[in-house]
Amino acid sequence: MNGSAEAIENQHTSKKRDRFVYPNDNAIEKPFNWSIMVKLLQFIKPYRRTYLPIAIISLLLSTAVKLVIPFLIGYGVDYALRPKDVDLLTTLVITIAILYLLQGIFNMFRIRYTTTLGQSVVLDLRKKLFSHVENLSFRFFDKRSEGSVIVRLNNDVNSLQDLFTNGLINIIMDMIMLVGIITILFFLNVKLTIAVMVVVPIMAFLSTKVRRKIRRGWQRVRLYQSVMNSHYNECIQGIRETQTFVQENENIGYFKGLNMRNTKALRQATKMSAILPPAVEVTGAIGTAALFWYGAHLLQAGEISIGIIVAFASYIGNFWQPISRLGQIYNQLLKVMASSERIFEFLAEKPQVTDKKDAKELQVNQGKVTFDQVKFAYEKDRVALTDFSLEVNPGDTVALVGHTGSGKSTVINLLCRFYDTTSGKILIDDQDIKDVTIASLRKNMSLVMQDTFLFSGTIMENIRYGRLDATDEEVIEAAKAVHADSFIKQLANGYHTEVEERGRMLSVGQRQLISFARALLAEPKILILDEATSSIDTETEMKIQDGMKTLINNRTSFIVAHRLSTIQNADKIVVLNQGEIVEIGNHDSLLERDGVYANLIKVQNRFLTGE
Ligand SMILES: Nc1ncnc2c1ncn2[C@@H]1O[C@H](COP(=O)(O)OP(=O)(O)OP(=O)(O)O)[C@@H](O)[C@H]1O
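These numbers come from a predicted model, not from an experiment.

Cut-offs used in this document
- Each residue is numbered by its place in its chain's sequence as written, counting from 1.
- The model is predicted, so local features are restricted to residues of pLDDT at least 70 and side-chain atom pairs to those at 80 or more, both for listing and for counting; the totals for chains, interfaces and linings are taken over all residues.
- Each side-chain value is derived from all of the structure's non-hydrogen atoms; neither hydrogens nor water enter the calculation.
- Strand pairing is assigned whenever DSSP identifies at least 2 bridges connecting the two strands.
- By definition, any uninterrupted DSSP run of H or I lasting at least four residues is a helix, any uninterrupted run of E lasting at least two residues is a strand, and each is numbered from the N terminus.
- Working convention: axes come from line fits to C-alpha atoms, limited for helices to the stretch in contact. Angles between N-to-C directions cover 0 to 180 degrees.
- Any pair of residues with heavy atoms lying within 4.5 Å of one another is described as a contacting pair.
- Working rule for helices: expected span equals 1.5 Å times residues minus one.
- Near is defined per residue: the residue qualifies when any heavy atom it owns lies within 4 Å of the molecule or strand.
- Residues adjacent in sequence count toward polar contacts only when both atoms are side-chain atoms; beyond that, a polar contact is any pair of N or O atoms within 3.5 Å, and within protein one must be able to donate a hydrogen and the other to accept it.
- In these tables, accessible area is a Shrake-Rupley quantity obtained with a 1.4 Å probe, and a residue counts as shielded only by the protein chains included in the view.
- Polar here means any residue other than Ala, Val, Leu, Ile, Met, Phe, Trp, Tyr, Cys and Pro, which are nonpolar, and Asp, Glu, Lys and Arg, which are charged; Gly is therefore polar.
- Take the buried residues of types Ala, Val, Leu, Ile, Met, Phe, Trp, Tyr and Cys, join any two whose side-chain atoms come within 4.5 Å, and each joined set is a nonpolar core.
- Type-normalised accessible area, obtained with a 1.4 Å probe on protein chains alone, sets the label of each residue: buried when under 20%, exposed when over 50%, and partly exposed for intermediate values.
- Any angle from 65 to 115 degrees is called roughly perpendicular, while one under 35 is roughly parallel, one over 145 is roughly antiparallel, and all others are oblique.
- With the far helix as reference, a near helix turned anticlockwise by less than a right angle produces a left-handed crossing, and one turned clockwise produces a right-handed crossing.
- Note on scores: pLDDT gives the predictor's confidence for each residue, bounded by 0 and 100.

## A short note on the sheet that holds strand E12 (residues 580–585)
Hydrogen bonds along the backbone pair up the strands of a sheet, which may run parallel or antiparallel.
Then, in step 1: In space, the six strands of this open sheet follow the order E6-E9-E10-E3-E11-E12, with mixed pairing throughout. Two strands close off the open sheet at either side, each with one partner strand: strand E6 (445–448) and E12. Within this sheet the neighbouring strands show an average axis-to-axis angle of 15°, counted without direction.
Then, in step 2: Of the pairings in the sheet, the one linking E6 to strand E9 (residues 526–530) comprises four bridges and is parallel in character. The residue bridging Leu447 from the neighbouring strand is Ile528, located in E9.
Then, in step 3: In this fold helix H13 (residues 408–415) packs onto strand E3 (397–402), E6, E9, strand E10 (556–560) and strand E11 (572–577), with an angle of close to 140° to the strand it touches most, E3.
Then, in step 4: Of the strands in this sheet, E6 and E9 are in contact with helix H18 (residues 508–521), which crosses E6 at around 175°.

What follows is the structure, given as structure tokens:
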């Protein structure tokens, strides 16, 4: 063992090293920015003739009614209750009851339409963001962790949802309410209004500064919890490696530190949260006390009536909520600024590989492929391919071999246009692949990856991914052709077996056979096969070999070969070293040459025979 969990915990605490935290994505809030706000408002535009006007009208009406009611109550006290005018009192009571009813109805409309508006905006935003991400080039995903992409798609959009469903419309309502109440109060009595307003700064302080502190406290808790989740996830997924390398204490130590920090953050957040409600209550009570104390004084002096005090009390009851909510919305806005910035940064990301304006459909008749002096670097000054030229005749099989990192996958990435060449051209049947549409290019080729990605769904659906309109019979036919049928039939539900956990219940070889069937179903003109590196049993290997033969039959094929035994019949074997072709020929001619390839074969044979 590497030391006790406690010792490691201390070590981690002192180093303060955080795993699973993506610094760029951690900004909780940013200063208010009008240009971001304007961009956000664009998302409401499609609803400017539907949900938006209904929401605003119902909001204006419900606020207006809410403002009138206390006035009528005060009026009733002075002109109906005190003089005992029963008729006027009855009229006022009925009117107030109707107004309450109307207020309820308008409120219902307001809530319904602001929610629908918010949900529609978020629906649009999610759609836009997801289709944008789906179309971004590989280069984008090279730079970003999967976690950070998911955070933007999920958490950042959710934080906008709050703003659109509650925030924006409520700002208008609260502003009108506040301005309305202050105006009426001043109209009723200036001195009493000033006395009552004394507590406004305290309320404003509580609802902005204190509330923000509380929110930050909870955000810290959430951050630690998400880090803890990632830690659980990684540790449980990697439990075999952990136990193999006896690193349990390392993991426990790191977890203890996290757990402690999480609990500390939780205590702080709870402590702060406990302060706010009583503070608001006490401040409200001070306002009310000021009202009654100074109100009684003015009443005695004959400056106001009881009705005015009653109206004031009622208005003040409606006054604290908008102040407190505006503070909340302001904090929400700052949070939204950070989320929106990330979302807009995402949306501004342009796919690196795009169709030219006048791009044509690729027409593949024969399947000739030409690489003409292709150069490529993933990053500046890190060249992955230098001057790669190759002519592949229609129907030929080309094997790419070479040490790890020699550039084999890069050739494939360029042929599929996952990246564009830095210089040089790639032609298919004499058409430059940069002049044709990406969709038509990829429709004409099938790529079988080393580790096949199986999507959630059945085996049948996974094979059909190659061609969505294929019938069940065609799917089974393709599986039979690549020898996948026999093992599929043995599964619990045959072709209808659900692929769980990306098909981990299947072996690497079985997954590759499924991907062969998927590729065959697509009937590509050009086939690219990145051979699985993991060792597979001899029987599956034979099936894979046979499946491969079926696949490459009569189509131009590229095989990234790891087991050299599989490519001895290839028409051309291209040997790469540090991004350059060092040898080219068929198996026999390269053996005769006794160069790099012959050496690779010798090494592999020695490895297999254990000499
Ligand atoms: N996405 C990427 N971003 C930056 N560099 C990359 C990327 N992919 C590959 N490289 C670099 O480009 C070079 C060629 O890599 P490539 O994946 O083509 O090698 P390979 O021959 O397919 O290796 P292997 O047999 O291990 O799959 C390597 O130096 C590698 O580090």
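## A word on helix H10 (residues 248–300)
Then, in step 1: Taking 1.5 Å per residue as the helical rise, H10 with its 53 residues ought to reach 78 Å, and the 78 Å between its terminal C-alpha atoms agrees with that figure.
Then, in step 2: The first or second residue beyond H10 is Gly302, which carries a positive phi of 75°.

## Looking at the site of the ligand
Then, in step 1: Around the ligand, a shell composed of 15 residues is seen, among which Thr404, Gly405, Lys408, Ser409 and Thr410 lie nearest.
Then, in step 2: Residue Ser406 places a main-chain N or O atom 3.1 Å away from an oxygen atom belonging to the ligand.
Then, in step 3: The contact in question runs from an oxygen atom of the ligand to an N or O atom on the backbone of Gly407, over 3.0 Å.
Then, in step 4: When isolated, the ligand has an accessible area of 630 Å², and the protein chains bury 68% of it.
Then, in step 5: Mapped by element, the contributors of at least two residues to the shell around the ligand are strand E1 (369–379), strand E2 (382–392) and H13.
Then, in step 6: Tallying contributions element by element places H13 first for the shell around the ligand, with three residues.
Then, in step 7: The class makeup of the residues in the shell around the ligand is three nonpolar, eight polar and four charged.

## Re the nonpolar core
Buried together is how nonpolar side chains tend to be arranged in soluble globular proteins.
Then, in step 1: Ranked by size, the top nonpolar core spans 43 residues in total, and within it Val401, Ile463, Phe516, Ile567, Ile573 and Tyr597 carry the most contacts.
Then, in step 2: At seven residues, H18 tops the list of elements feeding residues into this core.
Then, in step 3: Excluding anything up to four places from it in sequence, Ile573 contacts Ala399, Val401, Ile567, Glu583, Ile584, Gly585, Asn586, His587, Leu590 and Tyr597.
Then, in step 4: In terms of nonpolar packing, the next biggest core, distinct from the first, is built from 33 residues, Ala55, Val149, Val336 and Met337 among them.

## Notes on the sheet that holds E1
Then, in step 1: Spatially, E2-E1-E4-E5 is the arrangement adopted by the four strands of the open sheet, whose pairing is antiparallel. Of all the strands in the sheet, the pair left with one neighbour each is E2 and strand E5 (431–432).
Then, in step 2: Across seven bridges, the pairing between E1 and E2 is antiparallel. If you follow Phe371 over to E2, its bridge partner there is Leu390.
Then, in step 3: Docked against the sheet, H13 engages E1, E2 and strand E4 (423–428), running at close to 110° with respect to E1.

## Digging into the environment of Gln363
Then, in step 1: Note on placement: Gln363 falls in the loop between helix H12 (320–348) and E1.
Then, in step 2: Between the C-alpha atom of Gln363 and that of Asp472, which follows or precedes it by 109 residues, the distance is 28 Å.
Then, in step 3: Beyond its immediate sequence surroundings of up to four residues, Gln363 is in contact with Asp429 and Gln431.

## A few points about the environment of Leu390
Then, in step 1: Along the chain, Leu390 falls in strand E2.
Then, in step 2: Sequence separation of Leu390 and Phe371 is 19 residues, and the distance between their C-alpha atoms is 4.9 Å.

## Some remarks on the packing of helix H8 (residues 200–237) against H10
Then, in step 1: At a minimum axis separation of 9 Å, H8 and H10 run at an interaxial angle of 160°. Considering the angle they form, H8 stands roughly antiparallel to H10. Every pair of crossing elements has a handedness; the one defined by H8 and H10 is left-handed.
Then, in step 2: Here the residues of the contact of H8 with H10 sort into 22 nonpolar, 11 polar and four charged.

## Let's talk about the confidence of the model for the protein chain
Then, in step 1: Overall, the predicted model of the protein chain reaches an average pLDDT of 85, with 92% of residues at or above 70.
Then, in step 2: Across residues 1–5 the pLDDT falls below 50, and counting only partners more than four positions away or on other chains, this stretch makes 11 contacts in the model.
Then, in step 3: In this model residues 11–17 is a low-confidence stretch, pLDDT under 50, and it forms eight contacts with partners more than four residues away in sequence or in other chains.

## What about the pairing of E10?
Then, in step 1: Among the five residues that make up E10, five are buried, leaving the element largely enclosed by the rest of the structure.
Then, in step 2: The two faces of E10 match: Thr556, Phe558 and Val560 on one face and Ser557 and Ile559 on the other face are all buried.
Then, in step 3: Across four bridges, E3 lies against E10 in parallel orientation. Bridge pairing in E10 links Val398 to Phe558.
Then, in step 4: Summarising the sheet, E9 and E10 pair through five bridges and their orientation is parallel.

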